Structures are given as C-alpha cells and as structure tokens.
Amino acid sequence: MSIDFHALRRGDRLPPIAFTVTLEDVRAYLAATGEAAGTWSAHVPPLALGAYILAGLMEVMPLPPGALHAGQEFEFLDTVAQGEPLEAELTVVQQSERQGSNIVVFASELKAGERVVLRGRTTVMAPVATSEAG
Amino acid sequence: MSTPPEELRLVRLIDQGRVDAYADAARDHNPIHVDEVFAAASPFGTRIAHGMLVLALVSELMSAAFGEAWARSGALKVRWRAPAVPPVNVSARALLRSSSDGVATYDVSCEAEDGTVLLAGTASVSRGTSA
C-alpha cells in the first residue's frame, strides 16, 4: 500500500527501508555521476546512501504531481562497506502549508547493524491538492 | 594537520545520457527526469536532472579533497534553487569559509554555464579523521 504524501502529518513514521549496496551498484553510481572510483573501492560513496534512501522513500510514497525535492541535509557518520545490510527509518518532523504548497520534512536515520552511519533531513514540496469545482 | 584547500572546483556535463544512467543507478525513475512526454507537460516543460545528481558533484569535491573522512564525518546542507536542464555544463565549487577545531567548513554551490545557481549551501568535514 502506498503512502499519500498529502496525508502525512508531523510524527508519522514510515515503514523501514532495508537495502544493501553492492560493488555493482557502486560502479553504476560512480559511472553515472562521473566520480572516479579511487576512494570507493571498498566503501559506498556517502551520497549514494542518501540517494538509495530517497529511492526507497519514493517506492512507498509516490511523489504527487509537481513535487520538488527542495532541500537536503546529510550527516555522514561512518563508512559503509559494500554489501553491508542497511536499514533506514524515516519520520515526518515537519508539515506545513505555505503559498499553495504542502511542505514536508522527513528526518532519516540509516543504520548498519547497530551503527548509525547517516542522518538526514529531506524537504519535499508539492502543490496542495485542490478539489475541482462542480 | 595540513591546511584545508581554500577552493575546490569541478565542471561536468550533465546530459540526458547521464540523467538516464543516474536514474538506473540511483533507482529513481521519476518521469520528470526520464520521460520526455511527461516532462513536456510539467511546469518545467522539459526533463530535468535529479537534484541529487547535481549534489553528487559537491560530494565528489569533498571526497576528492578529504577521502574517507568525508564518509566518516562529512555534513551537507543545501537547497536547490533552480532545475538543471540537460545538456548543461555544471560548475561545482566549494570555498573555504572557516577552519577551526579540526573542522573545515565550505560554502558550496553548483551553477549552470549561464550563471544560474542550481544549488547552494554548506559542507563541512572533520579533518581529525582525514586520511
């Protein structure tokens, strides 16, 4: 069951997002972004972790029409080995409406086992859904 | 501990091929990035690059300068200001704002070749764990 972006409210917790990032994933990510592989022979580029969290978010919560990824914060707290099992938890920490837009801020925490390896805050804006006049 | 670099820069072409490759790699096939017909009907009127693809240039600057320390102790805070419409040469830049207590903080930005600011914010890294 997918989550309705416009129904989200502060305090809502999303289902955990579990994933791993393989060597092949890292190679594809680096090839796409253009970054040299040098630093990331054994570990996952930290921004790739953020990208996979966002991909997982969009799997459970399709973005509504006109949605924009407006802002992003990340704290990278530790390296992640390729193939390491990961789990992200996301919580709605802010929801507001301003100038016709619904603004939702998600806080995320990514763990590798018991280690917290990343924290983030993601701001998504979308035009407020309006009902059509009859 | 060495002095952190004053300025970091790179320029990269973001074309539709790169956007499509990123969509596959990052598992983000939002049609605004990859579907020409869908995007034509959007407020942008065309396909736009993933914001995270543009931000990846900033992360690359920091990892090139600080290695794995970036993954262990980096922080980013950005807002996207304008969409990147491929093909576009994106210039990513980090200017040292401060360096104290082992933490280097940079003002970061990405600009299109016409000077449009695509994103802006800050990046910091603890150099105490630098390789």
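Above this note sits the structure.
All of these numbers come straight from a predicted model, not from anything done at the bench.

(A) View of the environment of Met125 of chain A. All names here are of chain A. Counting through the fold element by element, Met125 comes out in strand E5 (residues 115-127). Taking the number of C-beta atoms within 10 Å as the measure of exposure, Met125 has 17 and is therefore partly exposed. Through-space distance from the C-alpha of Met125 to that of Ser101 is 6.1 Å; in sequence the pair is 24 residues apart. In this structure Met125 touches Ala67, Leu68, Ala70, Ser101 and Ile103, once residues within four positions along its chain are discounted.

(B) The arrangement of the nonpolar core in detail. Ala48 of chain A together with Val54, Val58 and Val90 of chain B are the most contacted members of the largest nonpolar core, which has 70 residues in total. When residues in this core are grouped by element, the largest group, 10 residues, is from helix H4 (residues 51-66) of chain B. Those residues in contact with Ala48 of chain A, other than ones at most four positions away along the chain, are Val21, Val26 and Tyr29 of chain A.

(C) View of the sheet that holds strand E4 (residues 101-112) of chain A. The 10 strands lie next to each other as E1(A)-E3(A)-E4(A)-E5(A)-E2(A)-E2(B)-E5(B)-E4(B)-E3(B)-E1(B), forming an open sheet whose pairing is antiparallel. The two strands at the open ends of the sheet, each matched to only one other strand, are strand E1 (17-19) of chain A together with strand E1 (7-14) of chain B. This sheet shows a mean twist of 20° between the axes of neighbouring strands, independent of strand direction. In the sheet, E4 of chain A pairs with E5 of chain A via 12 bridges, with the strands oriented antiparallel. Considered in E5 of chain A, the bridge of Lys111 of chain A is made with Val116 of chain A.

(D) Focus on the environment of Ser91 of chain B. Residue and element names in this part refer to chain B. Take Ser91: it is sitting in strand E3 (residues 88-100). A tally of 17 C-beta atoms within 10 Å means that Ser91 is categorised as partly exposed. Each C-alpha atom, one on Ser91 and one on Asp24, is 23 Å from the other, the two residues being 67 residues apart in sequence. When near neighbours in sequence (up to four residues on either side) are disregarded, Ser91 contacts Arg9, Val11, Cys110 and Glu111.

(E) Expanded view of the interface of chain B and chain A. Taken together, the contact pairs 32 residues of chain B with 30 residues of chain A. Looking at the side of chain B that touches chain A, the elements with two or more residues in it are helix H1 (16-26), H4, helix H5 (69-73) and strand E2 (74-80) of chain B. Among the residues forming the side of chain B that touches chain A, the class breakdown is 15 nonpolar, 7 polar and 10 charged. Here strand E2 (residues 68-76) of chain A pairs with E2 of chain B via 5 bridges, running antiparallel.

(F) Broad picture of the packing of helix H1 (residues 23-33) of chain A against H1 of chain B. For the pair H1 of chain A and H1 of chain B, the least separation of the axes is 8 Å and the interaxial angle reads 155°. Put simply, H1 of chain A runs roughly antiparallel to H1 of chain B. Seen along the crossing, H1 of chain A lies across H1 of chain B with a hand that is left-handed. Contacts from Ala28, Tyr29, Ala31, Ala32 and Thr33 of chain A of H1 of chain A reach H1 of chain B at Arg18, Ala21, Tyr22, Asp24, Ala25 and Ala26 of chain B. For the contact of H1 of chain A with H1 of chain B, the class distribution of residues is 8 nonpolar, 1 polar and 2 charged.

(G) View of H1 of chain B. Along H1 of chain B, the residues that are buried comprise Arg18, Val19, Tyr22, Ala23, Ala25 and Ala26 of chain B. Where H1 of chain B is buried, its residues meet H1 and helix H2 (46-60) of chain A together with E1, helix H2 (31-34) and H4 of chain B. At the exit of H1 of chain B stands Arg27 of chain B, carrying a positive phi of roughly 60°.

Reading the values: the criteria
- Residues numbered from 1 in each chain as written.
- Chains lettered and ligands numbered in written order.
- Predicted model: local features only at pLDDT ≥ 70, side-chain atom pairs only at ≥ 80, totals over all residues.
- Helix = DSSP H or I, 4+ residues; strand = E, 2+ residues; numbered from the N terminus.
- Buried ≥ 20, exposed ≤ 12 C-beta atoms within 10 Å, placed from the backbone.
- Contact = placed C-beta atoms within 7 Å.
- Core = buried A, V, L, I, M, F, W, Y, C linked by C-beta atoms within 7 Å.
- Pairing = 2+ DSSP bridges.
- Axes fitted to C-alpha atoms, helices over the stretch in contact; angles between N-to-C directions.
- Nonpolar A, V, L, I, M, F, W, Y, C, P; charged D, E, K, R; others polar.
- Parallel < 35°, antiparallel > 145°, perpendicular 65-115°, else oblique.
- Left-handed = near helix turned anticlockwise from the far one by under 90°.

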